[in-house]
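Coordinate inspection notes
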Amino acid sequence: MPATRYSSATYRPVRNSSGTMTSPTKGLIPHVQVGKGSLFGWFDNPASQVSSHLWLSRSGTLEQYVPFDKKAWAEAAGNPFWISVECEGFPNEDYTPIQLQRLGELYAWGMREFGWRPQVADSVDGFGIGTHRMGGPKWGGHSCPGDVRADRRRDILEMALGNKPDARGEDVPEGSDARQRYAGMPTLQEGSRGADVAELQNALNIVFHHETTAGDLARLAPDGEYGTLTTARVASLQRYASPWFGRIGDDGVCGPDTWRKIGYILTGLDRTV
Ligand SMILES: [Zn+2]
């Protein structure tokens, strides 16, 4: 029996679910939330008539609302065949690097667990990683998830296959997508708190290879509190002699240069620490 739960997600079952999935499932549909914050309340509200199997926040947190052997109410006629993940954010907004990483991990897991094929699906008759919009009127006639996120499916696949995207060229032009990652993030420092801090902590866990083991004492708890441990980890990253950035002042403050350095490392342009 394939798994009904994804162990990286917090399980929060909702009422909006009915019937069983067709097994094996055909693949994954990443939806765009068009909003922010956990969808638990909305999907547990019978009046909304919607749900998804999973939700992925901009800072990499996962919640599971519907077990994988039950239908979520995410894409109408496609519900019995596809696992759905709602992804926080907006259609014209790219995934955060941690979201791409998490989607890659999820897809890799689905390939092992469900036999998902390592390919992009652009039709309801296909298999792989698809879009809501490919279902047309029978799937509710949505444009979800928009061009930016639909175009990320190959990057997600590459992550799932262990090949980080953007790692092909030596010479990365100024202003390339990877270089712009995190460009808009605020400067954070000891005492900062909130979702941006949690995103930083998740990113640092990936950079330092502490991303998966909850019992790993070196792992930063992504609690959104920028404390001494986060400061120390940022300083360590700043001291790391990156081929692209060299060392930058190790003040433990995450400003624009530090965010860009993280973006380079997470997109595979740089060695990890
Ligand atoms: Zn959708």
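So, here is what we can say about the structure in this document.

The rules behind these values
Residues numbered from 1 in each chain as written. Predicted model: local features only at pLDDT ≥ 70, side-chain atom pairs only at ≥ 80, totals over all residues. Axes fitted to C-alpha atoms, helices over the stretch in contact; angles between N-to-C directions. Helix = DSSP H or I, 4+ residues; strand = E, 2+ residues; numbered from the N terminus. Parallel < 35°, antiparallel > 145°, perpendicular 65-115°, else oblique. Contact = placed C-beta atoms within 7 Å. Nonpolar A, V, L, I, M, F, W, Y, C, P; charged D, E, K, R; others polar. Buried ≥ 20, exposed ≤ 12 C-beta atoms within 10 Å, placed from the backbone. Expected span 1.5 Å × (residues − 1). Arc of directions from axis to C-beta. Pairing = 2+ DSSP bridges.

Quick word on the packing of helix α7 (residues 228-239) against helix α8 (residues 256-266)
Contact geometry of α7 with α8 gives a least axis separation of 10 Å together with a crossing angle of 75 degrees. By the criterion of interaxial angle, the relationship of α7 to α8 is roughly perpendicular. Of the residues in α8, those in contact with V234, L237 and Q238 of α7 are T258, K261 and I262. Split into classes, the residues belonging to the contact of α7 with α8 amount to 3 nonpolar, 2 polar and 1 charged.

A look at the environment of E225
If you trace the backbone, E225 turns up in the loop between α6 (195-207) and α7. Judged by the 17 C-beta atoms lying within 10 Å of it, E225 falls in the partly exposed class. For E225 and E190, which are 35 residues apart along the polypeptide, the C-alpha to C-alpha distance reads 8.2 Å. Those residues in contact with E225 that lie beyond four places of it in its chain are R193 and V197.

Side note on α7
A rise of 1.5 Å per residue sets the reference length of α7, with its 12 residues, at 16 Å; its end C-alpha atoms lie 16 Å apart and thus fit the reference within 8%. Within α7, burial applies to T230, R233, V234, L237 and Q238. The arc that holds every buried residue of α7, seen down its axis, measures 145 degrees, which confines them to one face.

Let's talk about the sheet that holds strand β7 (residues 82-87)
Read across the open sheet, the 6 strands follow the order β1-β5-β4-β7-β3-β8; overall the sheet is mixed. Strand pairing shows two members of the sheet lacking a second neighbour, β1 (10-11) and β8 (128-129), which therefore form its edges. Alignment of strand β4 (residues 54-56) against strand β5 (residues 62-64), held across 3 bridges, turns out to be antiparallel. Among the inter-strand pairings, L54 is bridged to a residue of β5, identified as Q64.

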